[in-house]
Amino acid sequence: MSEIPAKATESTDPLDGARTEAAGDAVAHVRPGEPPSGDAMWQSSPPGSIYDYIKVASFSIGPDGLVEQWSLRAEQLFGIPARHAVGMDPIEAFIDPDLRAQGQRKMAEILDGREWTGVVPFRVPPSAADGECGREGLAEVYVMPTRTEEGEKAAVCIVVDVRTLRSIETDLAASQAIFGQSPFGFVLIDPDLRVRRVNYRFASLFGGSPDDHRGKGVHDYLPRPEAERVTATLRRVLETGDSITDMHVTGFLPGSDERRHWSINLYRVRSGSGRPIGIAWLGTDITARRAAAREAAAARRNLALLNEAGARIGNSLDLETTARELLDVVVPGFCDLATVDLYQGLLAGDETPPGLADGSAELRRVAFASAVSDAPFIGSGDPVSLGAVHHYPFNSPCADALRTARPQYIPAEEGGLVQSTLAVPMVAHDTVVGLAQFARTKGSEPFGDRDRDLAVELAARAAVCIDNARLYRREHERALILQRSLLPPGDPVASGLDIACRYLPGNSSADRPSEVGGDWFDVIELPGHRTALVVGDVMGRGLRAAVAMGELRSAVRTLALLDLEPAEVLSALDEIARGLGAPGGVQQATRAARRPREADLLEVYLATCVYAVYDSVTRRCTFANAGHLPPVLVEPGEDALMLDVPPGMPLGVGGEPFEEVEVELPEGALLALYTDGLVESRDHPLDEGLQAFVGALTDPSAPLEDVCDHVLNTLDTHHGEDDIALLMARVQGLPVDSVGDWTLPREPRSVGKAREYARGQLLSWGLEPLVDTTELLVSELVTNALRYGEGDIRLRLLLDRTLVCEVWDSGLVQPRRRRARDTDEGGRGLQLVGLLSAAWGSRRTPRGKTVWFELPLPDGQNGMVDPAEALLSLF
């Protein structure tokens, strides 16, 4: 057994420390399998030795059994300084009293020259440092006999803290279990960035046994760019000590082309002395998680795209606009290029576009969008420009998609920009209305099944909106045709008035879908060169409002021909409007009005209307208003003003009479009738619009067409919220020399006087061809007035576009035309008037009645009726 000196002296050589460092470096460079050199044999333990982890202490026992030497490690282990420990009996100081006898026997054996190893419980004596007194422990002691310089027997004791050893064993076992049994890839990398150790999980993924990976580098596992990135990160961790968490790394497993994704955590590993000895790499395969995340992200993106499509597609009831809204949603969020083709027959208004069976019908490209280029989209076949009409060949994928109503993949052309294209039919209510194509350029991810399903859903939503727009366009056009057919055709003409009018239907550019309304205007010629001006507005919109407007307009014209007063016309219209919502008409509405419970079930039609009758001879105009906006009058040299006409109740309300207002209009005055769409919108209140309208009528002498255009351009007439009707008339009364007016006494000779006055007036007007006919008809009317009328007789001739003759009397009995029998001597006067005149009739006046007839002026086109032949035709 080797002798270990019981005493040692501290070295005083100043180079001893340097030699120690050199020895440490020498050991660090010893290669495995080679014996250490002589310099390395006697080196001190380098940092990172096992002794940094376990508590090893030493002390020596002299021949007397007392402590002779006490090391610094012993001070740290037992907490007793050397000045107190030297000279102590270790058995008496550290061993429990119950075990001291056994300890004394062991000490005697040791001093007798025997080695001994064992585990001894100890207790720190009272002489220990504060906090250590009474502490119990368990030590493993290795006692080696030795001799002093005098040859006496002594011993050297090496003590190890057993609890520290047990803790290290437990830590090693736990570390081995974690390292070996971990489901994650565990790699220990040395300071040279070489693999020191891997666990079985890592080896099972990359092949071989754990020992086969020892000494490999990062480049042996990852592609070069990724390996360089990871290597730089490893160096940074090793140098700074900063841990890296959830670093994503991409690579491939041996023998597989599938790209794998890992999440790695890196942290620096230190020795017990704190010296860095490597890097721990803990990796988790997140390929499936990444795929699931991509799927979830794609699902969220698709859902967001569908939500955006629901919010942005279908805001307009225009076919082309709806198609563009679809492309605004999908480009560039879903694809790089996109087009929409709609059937040409669909755009033309056909109910069922032709060619749906084979997909070869003509289509028009109505929308195109590109995120990469402004060039026309190139799909299968020749390029198609925006707005062009085309069709797809029968065997093409696009025609097959139209024919089968199923999406088709279009193969990419070599050398082209596009790598993946989807042709998706636009199906609404089991009807194909067009085709949408979505394309992705090279460099983008090709379309998959999920993309195909999303494209079908987007196209279907757009198709439904397009079909709704088609149906709306059809109904709108039909209602508009109906409405326009009920308005006066062409430019109205009236005696003593210059007429101009405008009608603007509501459009679909407003926020809400707009339909045709119930606005209308009319110019009705009345007997005696009088004119009825009508402007009305049925409340509500749509086809029913247009039909109600047509019924009211027809009723107005019928009532006007009866030559009723304006207030009477509106009263009759009110009854008619109340009957429009009742199944049985006016009478049923009147009965229902007496039963309030049933009245709630009736559909109410309300309308506003202003009715004016203008007499071109007197230039006086009589107004009656049913809840409509007031007329506007502009006199020459004066500012425009709104006439104070009592508004009355709207038509259909009933129960209130209407008032009349008579106004004398000066020559050249301008009269304007209009509907509320001209002066009211959501952005402009009614009062503001009325003031703007009055302010726009600044020059009444300008041509009426220019005045109408100026008003429409000045006011906000493009809101599209309501129809706009504007009727403007400039007063041009009959000249004095165009009127002949005489009063005849009630006597037989007045008949001859009447013929004489008529002949003279006609000759002065240059109407000699009408003299004979006029004399005959005047004679008949004056004779009837003498026989059946009352009071004085008034004869009036009016010359304008036609010749009108009026005979007035105070009688209230209206003449009635009847067919005379062959044997009757009389009763043929009114028949003769009907044969020779263009029109005739009678009307009530405030003081009696007026019987009139009208003759066309001789212009060479209208042949005159020979009075003799007319007389002979009566028999």
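Residues numbered from 1 in each chain as written. Predicted model: local features only at pLDDT ≥ 70, side-chain atom pairs only at ≥ 80, totals over all residues. Heavy atoms only, no water.

Enquirer: I keep staring at the sheet that holds strand β7 (residues 195–198) and nothing clicks. Help me out?
Expert: Pairing between sheet strands relies on hydrogen bonds along the backbone, with the strands arranged either parallel or antiparallel. As summarised here, the arrangement of the 5 strands in space is β7-β6-β10-β9-β8, forming an open sheet in which the pairing is antiparallel. Strands with a single pairing partner mark the edges of an open sheet, and in this sheet they are β7 and β8 (244–252). Across the sheet, the mean angle from the axis of one strand to that of its neighbour is 30°, orientation sign disregarded. As paired strands, strand β6 (residues 185–189) and β7 are joined by 3 bridges and run antiparallel to one another. (Pairing = 2+ DSSP bridges. Helix = DSSP H or I, 4+ residues; strand = E, 2+ residues; numbered from the N terminus. Axes fitted to C-alpha atoms, helices over the stretch in contact; angles between N-to-C directions.)

Enquirer: When you look at the pattern of salt bridges in this model, what are you seeing that I'm missing?
Expert: Any two side chains of opposite charge can pair, so long as their charged atoms come close to each other. In the structure shown here, the tally under the stated rule is 37 salt bridges. The partner of Arg 844 in a salt bridge is Glu 568, and the shortest N-O contact between them spans 3.9 Å. Of this pair, Arg 844 sits in strand β30 (residues 839–845) while Glu 568 is found in helix α16 (residues 566–580), placing the two residues 276 residues apart along the sequence. Overall, the relative accessible area of 53% leaves Arg 844 in the exposed class. (Salt bridge = Lys/Arg side-chain N within 4 Å of Asp/Glu carboxyl O. Buried < 20%, exposed > 50% of the residue type's maximum accessible area, 1.4 Å probe, protein only.)

Enquirer: Mind showing me how you'd approach the confidence of the model for the chain here?
Expert: Of all residues in the chain, 83% attain a pLDDT of 70 or more, and the chain-wide mean is 81. Residue range residues 1–45 is modelled with pLDDT below 50. Its contacts to residues more than four positions away, or to other chains, number 27 contacts. Predicted confidence for residues 508–514 stays below pLDDT 50, and this span has 15 contacts to residues more than four positions away or in other chains. (pLDDT = per-residue confidence, 0-100. Contact = heavy atoms within 4.5 Å.)

Enquirer: Please clarify how unusual backbone geometry should be interpreted in this entry.
Expert: Only a minority of non-glycine residues have a phi that is not negative, and only a minority of peptide bonds are not trans. The linkage connecting Val 331 with the following residue, Pro 332, adopts the cis geometry, with an omega of 0°. With respect to the secondary-structure elements, Pro 332 resides in the loop between α11 (319–330) and β11 (337–343). Despite not being glycine, Ala 405 has its phi angle at roughly 60°, a positive value. As for its placement among the helices and strands, Ala 405 is situated in the loop between α13 (397–404) and β14 (408–410). Look at Asp 563: it is not a glycine, yet its phi comes out positive at around 60°. Relative to the helices and strands, Asp 563 resides in the loop between α15 (543–561) and α16. Given a relative accessible area of 10%, Asp 563 falls into the buried group.

Enquirer: What's the story with the nonpolar core in this structure? I'm lost.
Expert: If you look at soluble globular proteins, the nonpolar side chains tend to sit buried side by side. In this structure, Trp 520, Leu 533, Leu 573, Tyr 611 and Leu 727 are the most contacted members of the largest nonpolar core, which totals 55 residues. Ranked by residue count, the leading element in this core is α15, at 8 residues. Those residues within four positions of Leu 727 in sequence are excluded, and the remaining contacts are Ile 499, Ala 500, Cys 501, Phe 521, Asp 522, Val 523, Leu 533, Val 534, Val 535, Leu 671, Ala 672 and Leu 673. Leu 306, Val 329, Val 340 and Leu 422 belong to the second largest nonpolar core, which has 50 residues in total. (Core = buried A, V, L, I, M, F, W, Y, C linked by side-chain atoms within 4.5 Å.)

Enquirer: I would appreciate a short explanation of a negative patch on the surface in the present structure.
Expert: A surface patch of like charges, here negative, comprises Asp 64, Glu 149, Glu 150 and Glu 152. Counting through the fold element by element, Glu 150 comes out in the loop between β4 (136–147) and β5 (153–161). Accessibility expressed as a relative area gives 63% for Glu 150, which makes it exposed. (Patch = residues over 30% accessible without salt bridge, like charges linked within 9 Å, V, L, I, M, F, W, Y side chains within 5 Å. Areas by Shrake-Rupley, 256 points an atom, 1.4 Å probe, with all protein chains shown as cover. Lys, Arg positive; Asp, Glu negative; His and termini not counted. Charge placed at Lys NZ, Arg CZ, Asp CG, Glu CD.)

Enquirer: I would appreciate a short explanation of the side chain of Thr 608 in the present structure.
Expert: Its location among the elements puts Thr 608 in strand β20 (residues 607–615). At 2.9 Å, the side chain of Thr 608 forms a polar contact with the side chain of His 628. Residue contacts for Thr 608: discarding those within four places in its chain leaves Val 535, Gly 536, Asp 537, Met 539, Ala 626, Gly 627, His 628 and Pro 650. (Polar contact = N/O pair within 3.5 Å; in protein donor to acceptor, adjacent residues only side chain to side chain.)

Enquirer: Quick question: what am I supposed to make of the packing of helix α10 (residues 287–312) against α11 here?
Expert: The angle between the axes and the distance between the axes are what describe a pair of packed helices. Between α10 and α11, the least distance of the axes is 10 Å, while the angle of their chain directions is 155°. Classed by the angle they form, the pair α10 and α11 counts as roughly antiparallel. The interaxial crossing formed by α10 with α11 has right-handed handedness. Across the interface between the two elements, Leu 305, Glu 308, Ala 309 and Arg 312 of α10 pack against Glu 325, Asp 328 and Val 329 of α11. (Parallel < 35°, antiparallel > 145°, perpendicular 65-115°, else oblique. Left-handed = near helix turned anticlockwise from the far one by under 90°.)

Enquirer: Just checking my understanding: could you explain the packing of helix α22 (residues 771–788) against helix α23 (residues 829–836) for this structure?
Expert: Following both chains from N to C, one finds α22 and α23 inclined at 150°, their axes separated by 10 Å at the closest point. Helix-helix and strand crossings are classified by hand; for α22 and α23 the assignment is left-handed. Residues Thr 773, Leu 776, Leu 777, Glu 780, Leu 781 and Asn 784 of α22 lie in contact with α23, whose contacting residues are Gly 829, Leu 830, Leu 832, Val 833 and Leu 836. Of the residues belonging to the contact of α22 with α23, the class tally is 7 nonpolar, 3 polar and 1 charged. (Nonpolar A, V, L, I, M, F, W, Y, C, P; charged D, E, K, R; others polar.)

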